[in-house]
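Remarks on the overall topology
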Amino acid sequence: VSKPRCRKCGEETTIRDPIRPFPLHRLGPRYILQILQQQPLICIAKSRRLMATELMCAYALWCLMFRKGTLAVFQSDIEEKANDNVIRVHGMWERLPEWMKAKRPANPTKKGGPIDAYFEIPGNHAKLKAIPSGPSKIREMGPSLYFCDEAAFHPEANETYKAGRQAIEAGCQAVYVSTAGAGFFSGLYNDSLHAVA
């Protein structure tokens, strides 16, 4: 009797798990979260199964709640996507247990909904802002955590990276996440940025 095959990758799996999960020894959520705790510059080629954007939102919330003075900046290829990610972080905070929210209350909301492009944990002096694509905004921010979503599709990705490099060299953790794409992201992912920077 042959074992069932994963519907996505075709590798052997079980009847209980028709879609094979990421092995723990390969790129999976736990592994990525460990890397996020250790590395200052990270580049992740994402897939829907990996949920890299959601992991980054959860990691940003953790930083805001437990690292005093965090300034996190989310940037995406279009401003609405960056705003959506900030709203995701707010939603994650909303779903925390009440005792945890009481220890780290978040910024006030507008009519029950999150404030667009901004999330704050005032007692921890921690803020999260969404900014539009382009180098001018990141240059003036000075973040401690920078998340660039869909990095392969930013119109001025190379210039944005150059603008943020000073913050990275000063200790900002930068995480670049994208689906496949040539140019800047490919150079960063393959550790050959000298070709594009």
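Up top is the structure.
Heads up: these notes are all about the structure in this document.

1. Details of the pattern of salt bridges
The tally for this structure, following the rule as stated, stands at 4 salt bridges. The shortest N-O distance in the salt bridge between Arg 88 and Glu 54 comes to 3.6 Å. Here the residue Arg 88 occupies a position in helix α3 (residues 79-94), and Glu 54 occupies one in helix α2 (residues 52-66), the gap between them amounting to 34 residues. By relative accessible area, Arg 88 is classed as partly exposed at 35%. Residues participating in the shared-partner salt-bridge network are Glu 94, Glu 98 and Lys 101.

2. Thoughts on helix α1 (residues 29-38)
Inspection of α1 places Ile 32, Ile 35 and Leu 36 among the buried residues, and these make up the whole buried set. Looking down the long axis of α1, one finds its buried residues gathered within 105° of arc, a one-sided arrangement. The exposed residues of α1 that point more than 90 degrees off its buried face are Arg 30 and Gln 38. Among the structural elements, β1 (41-45), α2 and β6 (173-178) are those in contact with the buried residues of α1.

3. Overview of α3
In this model, α3 (16 residues) spans 23 Å end to end at C-alpha, consistent with the 22 Å of a helix rising 1.5 Å per residue. The secondary structure elements touched by the buried residues of α3 are α2, β2 (71-75), α4 (98-103), β3 (118-121), β4 (126-131) and β5 (145-149).

4. Quick notes on the nonpolar core
Met 56, Phe 74, Val 89, Trp 93, Phe 119, Leu 128 and Val 175 are the most contacted members of the largest nonpolar core, which totals 33 residues. At 10 residues, α2 tops the list of elements feeding residues into this core. Look past the residues within four positions of Val 175 in its chain and what remains in contact with it is Leu 36, Ile 42, Ile 44, Met 56, Tyr 146, Phe 147 and Cys 148.

5. Some words on the sheet that holds β4
The mixed open sheet is built from 6 strands, whose spatial order is β1-β6-β5-β2-β4-β3. A single partner strand is all that each edge strand has here, and the edge strands are β1 and β3. Between one strand axis and the next, the sheet turns through 10° on average, direction left out of account. Along the sheet face, α2 touches β1, β2, β3, β4, β5 and β6 and points at about 165° away from the line of β5.

6. Let's talk about the packing of α1 against α2
Running from amino to carboxyl end, α1 crosses α2 at an angle of 40°, the nearest separation of the two axes being 11 Å. One finds that α1 runs oblique with respect to α2. In the packing of α1 onto α2, the handedness of the crossing is right-handed. Of the residues in α2, those in contact with Pro 29, Ile 32, Leu 33, Leu 36 and Gln 37 of α1 are Leu 55, Met 56, Tyr 59 and Trp 62. Looking at the contact of α1 with α2 residue by residue, the class counts come to 8 nonpolar, 1 polar and no charged.

Calculation notes
- Residues numbered from 1 in each chain as written.
- Predicted model: local features only at pLDDT ≥ 70, side-chain atom pairs only at ≥ 80, totals over all residues.
- Heavy atoms only, no water.
- Salt bridge = Lys/Arg side-chain N within 4 Å of Asp/Glu carboxyl O.
- Helix = DSSP H or I, 4+ residues; strand = E, 2+ residues; numbered from the N terminus.
- Buried < 20%, exposed > 50% of the residue type's maximum accessible area, 1.4 Å probe, protein only.
- Arc of directions from axis to C-beta.
- Contact = heavy atoms within 4.5 Å.
- Expected span 1.5 Å × (residues − 1).
- Core = buried A, V, L, I, M, F, W, Y, C linked by side-chain atoms within 4.5 Å.
- Pairing = 2+ DSSP bridges.
- Axes fitted to C-alpha atoms, helices over the stretch in contact; angles between N-to-C directions.
- Parallel < 35°, antiparallel > 145°, perpendicular 65-115°, else oblique.
- Left-handed = near helix turned anticlockwise from the far one by under 90°.
- Nonpolar A, V, L, I, M, F, W, Y, C, P; charged D, E, K, R; others polar.

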